[in-house]
Amino acid sequence: ETGVTQTPRHLVMGMTNKKSLKCEQHLGHNAMYWYKQSAKKPLELMFVYNFKEQTENNSVPSRFSPECPNSSHLFLHLHTLQPEDSALYLCASSQDWSGGVTGELFFGEGSRLTVL
Amino acid sequence: DAKTTQPNSMESNEEEPVHLPCNHSTISGTDYIHWYRQLPSQGPEYVIHGLTSNVNNRMASLAIAEDRKSSTLILHRATLRDAAVYYCILRLNYGGSQGNLIFGKGTKLSVKP
């Protein structure tokens with residue numbers, strides 16, 4: 001139990017589908033992150049939210065749409081994805097993002113996405 | 001961004017110590033050295049971090065060279081559960097974009113019984 005729960009763990013979708021990934025953290029943290037891990041590539045930071053506000057968007061295509069309704073929940077809405085978007089999507093949280101902290105990130109187990 | 005260099009893979013025998021090296025010759029004075037590991041089918045987990053002095057915790061030890069251009073993660077007695085990809089990451093000690101955790105390729109550690 002890492003304190004960060006991701007659902008679903010596995011998702012298969014067609015290129016025209018709309019689906020969402022959900023992340024919930026039970027750690028009382030204020031910052032949440034989406035990372036993407038493709039086969040044979042390092043983890044890539046996609047989005048950062050701090051106190052529900054998006055603070056980072058690393059040039060992610062608009063077919064990925066994040067949503068952070070509160071500090072405990074983070075969603076990644078998916079629509080018209082491409083097969084190359086198939087990857088493991090990891091959510092993480094940390095105590096804070098701004099300010100002088102070296103707080104560790106706590107990761108969920110990831111959602112394995114396959115786009116057909 | 002300051003970069004790290006790690007071997008792609010290493011092998012170890014169970015119950016023996018493991019020394020995982022990391023080179024970071026362009027490290028700046030405000031960079032902390034962080035180690036995370038990713039077990040198969042799991043997300044990464046924090047292992048240890050340090051600035052200048054060697055650090056110990058229940059999972060591992062971190063030995064930092066005097067010039068800070070390299071460091072070594074030490075697992076004192078490897079177990080089969082330590083088989084994972086180990087990431088050495090430089091991270092600035094303040095928040096904002098400069099403090100983001102940016103992963104490289106890491107070292108894949110295999111542990112033989």
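Refer to the structure above for everything that follows.
Rules behind the numbers
Residues numbered from 1 in each chain as written. Chains lettered and ligands numbered in written order. Predicted model: local features only at pLDDT ≥ 70, side-chain atom pairs only at ≥ 80, totals over all residues. Heavy atoms only, no water. Phe/Tyr/Trp six-rings, centres within 6.5 Å; stacked < 30°, edge-to-face > 60°. Helix = DSSP H or I, 4+ residues; strand = E, 2+ residues; numbered from the N terminus. Buried < 20%, exposed > 50% of the residue type's maximum accessible area, 1.4 Å probe, protein only. Pairing = 2+ DSSP bridges. Axes fitted to C-alpha atoms, helices over the stretch in contact; angles between N-to-C directions. Core = buried A, V, L, I, M, F, W, Y, C linked by side-chain atoms within 4.5 Å. Contact = heavy atoms within 4.5 Å. Disulfide = S-S within 2.5 Å.

## Details of the packing of aromatic side chains
And step 1. In total, this model carries 8 aromatic pairs over all chains according to the counting rule given.
And step 2. With centroids separated by 5.9 Å and ring planes inclined at 80 degrees, the aromatic side chains of F107 of chain A and F103 of chain B adopt a geometry described as edge-to-face. Of the two residues, F107 of chain A is situated in strand 10 (residues 106-107) and F103 of chain B in the loop between strand 8 (84-92) and strand 9 (107-112); the pairing between them involves two chains. Taken individually, F107 of chain A and F103 of chain B each receive the classification buried, so the pair is uniform in this respect.
And step 3. Ring centres 5.0 Å apart and planes at 90 degrees place the aromatic pair Y87 of chain B and F103 of chain B in the edge-to-face group. Separated by 16 residues along the polypeptide, Y87 of chain B in strand 8 and F103 of chain B in the loop between strand 8 and strand 9 bring together distant segments of the chain.

## Some details on the sheet that holds strand 7 (residues 64-70) of chain A
Residues and elements named next belong to chain A.
And step 1. Taken in spatial order, the 4 strands line up as 1-3-8-7 in an open sheet, and their pairing is antiparallel. In this open sheet, the two edge strands, each paired with only one partner strand, are strand 1 (4-7) and strand 7. For this sheet, the mean inter-axis angle between neighbouring strands, taken without regard to orientation, is 20 degrees.
And step 2. Pairing of strand 1 with strand 3 (residues 18-25) involves 4 bridges; the strand directions are antiparallel. The partner of T7 across the bridge, within strand 3, is K22.

## Things to note about the nonpolar core
And step 1. With 22 residues, the main nonpolar core has W34, F64, L76, L78 and Y89 of chain A as its most contacted residues.
And step 2. Setting aside chain neighbours within four positions, we find L76 of chain A in contact with K19, S20, L21, W34, M46, F47, F64, S65, P66 and Y89 of chain A.
And step 3. W35, I64, A78 and Y86 of chain B belong to the second-largest nonpolar core, a separate cluster that totals 21 residues.

## Thoughts on the state of the cysteines
And step 1. This model, assessed by the stated rule, comprises 2 disulfides over all chains.
And step 2. A sulfur-sulfur separation of 1.9 Å characterises the disulfide bridge that pairs C23 of chain A with C91 of chain A. Looking down the S-S bond of the C23 of chain A and C91 of chain A bridge, the torsion is -75 degrees, so its handedness is left-handed. Here C91 of chain A lies in strand 9 (residues 87-94) and C23 of chain A lies in strand 3, a separation of 68 residues in the sequence.
And step 3. With relative accessibility at 0%, the residue C23 of chain A sits in the buried group.
And step 4. Residue classification places C91 of chain A among the buried positions, given a relative accessible area of 0%.
And step 5. Between C22 of chain B and C88 of chain B runs a disulfide, and the two sulfur atoms are separated by 2.1 Å. Where C22 of chain B bonds to C88 of chain B through sulfur, the torsion about that S-S bond is close to -85 degrees, and the disulfide is left-handed. Of this pair, C22 of chain B sits in strand 2 (residues 18-23) while C88 of chain B is found in strand 8, placing the two residues 66 residues apart along the sequence.
And step 6. Overall, the relative accessible area of 0% leaves C22 of chain B in the buried class.
And step 7. Note on C68 of chain A: no disulfide assigned, nearest cysteine sulfur contributed by C91 of chain A at a separation of 9.0 Å.

Spatial relationships are all this shows, so hold off on functional conclusions.
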